Amino acid sequence: MSILVAYASKHGSTQGIAERVAKTLTSAGHEAEASPVEAVGDLSGYEAFVVGSAIYLTHWRKEATRFVRHNRALLGSKPVWMFSSGPLGTEATDAKGRELIVTAEPKEIAEFRKTIGPRDHRVFFGALDPGKLGLPIRVMRKLPPARTHLPEGDFRDWSDIDNWANGIAQHLPGTSATVE
Ligand SMILES: Cc1cc2nc3c(=O)[nH]c(=O)nc-3n(C[C@H](O)[C@H](O)[C@H](O)COP(=O)(O)O)c2cc1C
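Quick caveat, the model's predicted, so the values are computed rather than measured.

**Quick word on the overall build of the chain**
Reasoning step 1: Scanning the chain from terminus to terminus reveals seven helices and eight strands.
Reasoning step 2: Restricting to contacts in the chain with at least 6 residues of sequence separation, those with at least 24 account for 76%.
Reasoning step 3: Accessible surface, the chain as shown: approximately 9,400 Å² in total, 52% of it carbon and sulfur.

**Some details on the nonpolar core**
Reasoning step 1: Formed by 21 residues in total, the largest nonpolar core has its most connected members in V21, L25, V50 and W164.
Reasoning step 2: When residues of this core are traced back to their parent elements, those giving at least two are β1 (2–8), α1 (13–27), β3 (48–56), β5 (80–85) and α7 (158–171).
Reasoning step 3: Contacts of V21, omitting those with residues within four sequence positions, involve V5, V50, I161, W164 and A165.
Reasoning step 4: With 19 residues, the next largest nonpolar core counts A6, Y46, F49 and F67 among its residues.

**Quick word on the pairing of strand β2 (residues 31–36)**
Remark: a regular strand shows side chains that alternate across the two faces of the sheet.
Reasoning step 1: Pairing between β1 and β2: six bridges, direction parallel. What sits directly across from A6, in β2, is S35.
Reasoning step 2: The β-α-β motif built from β1, the intervening α1 and the parallel element β2 has right-handed crossover chirality.

**Observations regarding the site of the ligand**
Reasoning step 1: For the ligand, the set of nearby residues contains 22 residues, the closest of which are S9, S13, T14, I55 and Y56.
Reasoning step 2: Between the ligand and T58, the relevant distance is 2.7 Å, taken from an oxygen atom to a main-chain nitrogen or oxygen of the residue.
Reasoning step 3: Separating an oxygen atom of the ligand from a backbone N or O atom of P87 is a distance of 3.2 Å.
Reasoning step 4: A total of 650 Å² of accessible area belongs to the ligand in isolation, and the protein chains cover 93% of it.

**Some words on the side chain of T14**
Reasoning step 1: Within the element layout of this structure, T14 appears in helix α1.
Reasoning step 2: What T14 contacts, discounting residues up to four positions off in sequence, is A8, S9, G52, S53, A54, F83 and S85.

**Details of helix α4 (residues 108–115)**
Reasoning step 1: Those residues of α4 that fall on the buried side of the exposure criterion are E108, I109 and F112. One side of α4 carries all its buried residues, which in axial view fall inside an arc of 95°.
Reasoning step 2: Where α4 ends, the next residue or the one after it, G117, has phi of about 70°, a positive value.

**Here's the deal with the packing of α1 against α7**
Reasoning step 1: Between α1 and α7, whose axes approach to 9 Å, the crossing angle comes to 45°. Comparing their axes, α7 and α1 come out oblique. Read as a crossing pair, α1 and α7 show a hand that is right-handed. Contacts between α1 and α7 pair G16, I17, R20, V21, T24 and L25 from the former with W158, I161, D162, W164, A165, N166, I168 and A169 from the latter.

**What about the pattern of salt bridges?**
Reasoning step 1: Tallied over the entire structure, the rule returns six salt bridges.
Reasoning step 2: The partner of E63 in a salt bridge is R61, and the shortest N-O contact between them spans 3.1 Å.
Reasoning step 3: According to the relative accessible area criterion, E63 is buried, its value standing at 14%.
Reasoning step 4: Look at R61 and you get partly exposed, because its relative accessible area is 21%.
Reasoning step 5: A salt bridge links R69 to E111, with the nearest nitrogen and oxygen atoms 2.8 Å apart. Taken as a pair, R69 in helix α2 (residues 62–70) and E111 in helix α4 lie far apart in primary sequence, 42 residues in all.
Reasoning step 6: Taking relative accessible area as the criterion, E111 reaches 26% and is therefore assigned partly exposed.

Cut-offs applied
Residues numbered from 1 in each chain as written. Predicted model: local features only at pLDDT ≥ 70, side-chain atom pairs only at ≥ 80, totals over all residues. Heavy atoms only, no water. Helix = DSSP H or I, 4+ residues; strand = E, 2+ residues; numbered from the N terminus. Contact = heavy atoms within 4.5 Å. Areas by Shrake-Rupley, 256 points an atom, 1.4 Å probe, with all protein chains shown as cover. Core = buried A, V, L, I, M, F, W, Y, C linked by side-chain atoms within 4.5 Å. Buried < 20%, exposed > 50% of the residue type's maximum accessible area, 1.4 Å probe, protein only. Pairing = 2+ DSSP bridges. Right-handed = clockwise from strand over helix to strand, strands pointing away. Near = heavy atom within 4 Å. Polar contact = N/O pair within 3.5 Å; in protein donor to acceptor, adjacent residues only side chain to side chain. Arc of directions from axis to C-beta. Axes fitted to C-alpha atoms, helices over the stretch in contact; angles between N-to-C directions. Parallel < 35°, antiparallel > 145°, perpendicular 65-115°, else oblique. Left-handed = near helix turned anticlockwise from the far one by under 90°. Salt bridge = Lys/Arg side-chain N within 4 Å of Asp/Glu carboxyl O.

Printed below as a string of structure tokens:
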């Protein structure tokens, strides 16, 4: 099957997840390509879609939301899977018991469940490289309690991502193999 993995990424970690999903789908026997939502052209050749976005302040990136809303009719008529990349850190709380991981769905997903009806939506751990942040955010991270909510590091769980992508591959006709 021909599958588009469309993504919105500000600092590259969601792009990495999207490319990994496309690679896993390809290894499982599908034709899959990853593309930023802004660069996607004609959608009519694709038989299934994976759409993902980084989460910023509990929202999907605007270009991803625009992409889904703009293509609502087409996406609503095809198999669609969605993912979000966000939570940082692997501990639920810090040493002082303050909450670190925000696993809440981005606000847009409730709308997309109604308009598109994705087969699934998954929140994956994200990554944060402070060197890539702009000055206002760098300053904000130094101010308590915000800094505890934005731990730096790469928390992406590649086996979780691979398992999810293999699950998608198995739900679509034409799979030749499952990739371990
Ligand atoms: C200013 C800021 C706000 C963020 N807000 C959230 C949030 O509300 N929920 C969440 O799960 N992750 C949040 N994150 C973490 C990012 O979603 C995470 O770093 C993600 O992997 C970034 O993806 P990207 O590299 O593709 O832009 C935030 C990060 C920053 C820097």
